[in-house]
Amino acid sequence: MENKTNTKEDSINDIINGYTRYWFYFLISILLSGVLAAMFLRYANPIYSSSSTIIIKDEKSGGGAAELAALTDLSFFSNFSSSKIDSELTILESKTLIAAAVESLGLNVSYFNQGTFKTTELYQYKPFVVKFSNVSKTQVVPQLEIKLQKNQRFSLLVVDTETTIENAQFGEIYSLPFADIVLLPNQSNASLLESFIEKNILVEYKTVESVASLFSLALELIHDGKNGEVVQLNLSSPKPLKAENFLNELVYQYNLDARKDKSQIAKKTAEFIDSRLEIITKELDTVERNKELFKTNNRLTDIDTEAALVLENSNEFSKRQVDLLANIEVVTSYLTYVQNTSPFELLPTIIGTDSQNISVGITSFNALITERQKLLASSTISNPVVKNLELQIKDLKKTILRDIDNQIQSISSALSGLKNREEGLNNRLSKVPYQEKMFREILRQQNIKEELYLFLLKQREETAITLAVTSNKAKVVDSASTLKIPVFPNRLFVYLLAIILGIAVPFLIISLYNLLSTRIQSRKDVERVHATTGVVGELPKLGR
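What counts, and where the lines are drawn
Residues numbered from 1 in each chain as written. Predicted model: local features only at pLDDT ≥ 70, side-chain atom pairs only at ≥ 80, totals over all residues. Heavy atoms only, no water. Helix = DSSP H or I, 4+ residues; strand = E, 2+ residues; numbered from the N terminus. Buried < 20%, exposed > 50% of the residue type's maximum accessible area, 1.4 Å probe, protein only. Contact = heavy atoms within 4.5 Å. Areas by Shrake-Rupley, 256 points an atom, 1.4 Å probe, with all protein chains shown as cover. Pairing = 2+ DSSP bridges. Axes fitted to C-alpha atoms, helices over the stretch in contact; angles between N-to-C directions. Arc of directions from axis to C-beta. Lys, Arg positive; Asp, Glu negative; His and termini not counted. Salt bridge = Lys/Arg side-chain N within 4 Å of Asp/Glu carboxyl O. Parallel < 35°, antiparallel > 145°, perpendicular 65-115°, else oblique. Left-handed = near helix turned anticlockwise from the far one by under 90°. Nonpolar A, V, L, I, M, F, W, Y, C, P; charged D, E, K, R; others polar.

Caption draft 1: The overall build of the protein, seen in detail. Counting its regular elements, the protein contains 15 helices and 13 strands. Residues counted as buried form 36% of the 544 residues belonging to the protein. Relative to all contacts within the protein whose residues are 6 or more apart in sequence, the contacts with residues 24 or more apart total 74%. A total accessible area of about 33200 Å² is found for the protein, and carbon and sulfur atoms account for 55% of it.

Caption draft 2: Representation of the sheet that holds strand β8 (residues 173-175) within the structure. Strand order in the open sheet formed by three strands is β4-β9-β8, and the pairing between neighbours is antiparallel. Each edge of the sheet is formed by a strand with only one pairing partner; in this case those strands are β4 (128-133) and β8. When strand polarity is set aside, the average angle formed by the axes of neighbouring strands in this sheet is 25 degrees. Bridge count for β8 against strand β9 (residues 180-185) is three bridges, and the pairing is antiparallel. Each bridged residue has a counterpart across the sheet, and for Ser-175 the counterpart in β9 is Asp-180.

Caption draft 3: Highlighting the pairing of strand β10 (residues 200-205). Note that strand β2 (residues 109-114) and β10 share five bridges and pair antiparallel. Counterpart to Ser-110 in the pairing with β10 is Glu-204. Sheet analysis places strand β5 (residues 144-149) next to β10, joined by four bridges and oriented antiparallel. Opposite Leu-144, over in β10, you have Val-203 as the bridge partner.

Caption draft 4: Focus on helix α7 (residues 208-218). Among all positions in α7, only Val-208, Val-211, Ala-212 and Phe-215 are buried. Around the axis of α7, the buried residues are gathered within 100 degrees of arc, so they sit on the same side. Looking at α7, the residues exposed on the side facing more than 90 degrees away from the buried face are Glu-209 and Leu-217. In this structure, the buried residues of α7 make contact with α5 (95-105), β12 (230-237) and α8 (240-297).

Caption draft 5: Representation of the environment of Ile-222 within the structure. Secondary-structure assignment places Ile-222 in strand β11 (residues 220-222). Taking C-alpha positions, Ile-222 is 6.5 Å from Leu-233, a pair spaced 11 residues apart along the chain. Ile-222 has contacts with Val-230, Val-231, Gln-232 and Asn-234, leaving out every residue within four places of it along the chain.

Caption draft 6: Fine view of the environment of Phe-488. Residue placement: Phe-488 occurs in the loop between β13 (474-482) and α14 (491-516). A sequence separation of 439 residues divides Phe-488 from Ser-49, and the C-alpha atoms of the two residues are 9.3 Å apart.

Caption draft 7: Region of the structure containing the side chain of Glu-249. Following the sequence through the fold, Glu-249 ends up in helix α8. Buried within the structure, Glu-249 lacks any salt-bridge partner; Arg-259 is the closest side chain of opposite charge, at an N-O distance of 9.5 Å. In this structure Glu-249 touches Ala-101, Ser-104 and Leu-105, once residues within four positions along its chain are discounted.

Caption draft 8: Molecular detail of the packing of α5 against α8. Relative to each other, α5 and α8 sit at 120 degrees, their axes nearing to 9 Å. By the angle class used here, α5 and α8 are oblique. α5 and α8 meet at a crossing whose hand is right-handed. Each of Leu-97, Ile-98, Ala-100, Ala-101, Val-102, Ser-104 and Leu-105 in α5 lies in contact with α8, whose residues at this interface are Asn-245, Phe-246, Glu-249, Leu-250, Gln-253, Tyr-254 and Asp-257. The residue makeup of the contact of α5 with α8, split by class, is nine nonpolar, three polar and two charged.

Spelled out as structure tokens, the structure:
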């Protein structure tokens, strides 16, 4: 007779009962996971998010973005204006600017309080400051372990080399193989300073460049393009005050760098004006000597009264000619100056003309030159971006030279018209003596030189004021601040994960045990396999 085995499926209630009878293990696992989660939260360094908001302002002086807005129909200026904010963001997150902020705050030197289970960084209050000098460029600076002692003394241990200095004194210079160091106590809070006595303080020195690279990776700039030039700076750090100070210092260094760029253009303009003043001074002296010599040779005495009568009806034309001659001389001198400059040299602000096209072109040219200089600081001349900038610079310079030449022709045309009208007046003055006409020409030359001289003096003063007073490029909307709740670790998530693991671990162990077990644990194990076979009886398990 053939025996058939009928199996019986377990119900959901049977499956649940197979786990709930081990409830004690689940409880122990959950409690243990909770304890581990609490220990993790206790000793983990929380990370906070700090942020600052700024507005990158448009250039208002010297033909900046305000003038470019009127030329948005021109493709070149439109592309330049739209990419301006991206260029500023690149400068703001550049390692050069970040390194300047790191060096200014001394963030390349870190201090840590060495505890039994946890080592924490000291930033808000440091019991002392270590000054490094003559740092070796070939040797890595190891960690220093410093223990404060009473009577303004300390002991020092170089961690890697086990070099020690006992009973050292604050303010003394100690020469080590990798650098010269001096320790200066922080006596701003005497009670706090005493609390660090007999405690181990770790000092870690890193190069400014390496620390700047770390900050560059952690720094986040947000500009959605919808709020104009509004930029948000975000930085996550276990030390909120450290992050806030860095963000504020980064904005300060950005404004400082922008002021330096403006100063370079103002200095170029001042140099141009000074060179022209020197030439005009010599020419004015020559005209005055010619005037004196003319009066002496022609024995002219009451020349002012006679000249006033003759020139009474021609003052208006003369004044306009003086202005035009002064303008054409300044613009011509500027054209010669631009033609003699090197291809990638900053141009001074043009004076003597109110042409918006020339002013906007020069401002855009200087902006491209400044951007090229910044790119060359971190890349080579073969960089495609640099090559593209150089092509734009050359094209823009040709445009500037063409606009200046057109302006000279326009002034010359206006001057010719004035001279034609003046010829009619000269015909009416044909009876004026020859000496008077010659003296009139000398006076005109003198007026031109004096007008130009006074104009250049005024421009030099304005340039000096611009050089001395420069506004910040970035306006701080919100200074750096930090959220009170850390972004890591998330306490709710950690405890939730602990509960899940506390349930999952015993569940997996019990499941694996039931899967691999070959023993009969109860009557249901027999009935599950032999559903039609009767069971005679059960032998209970008795305690010993």
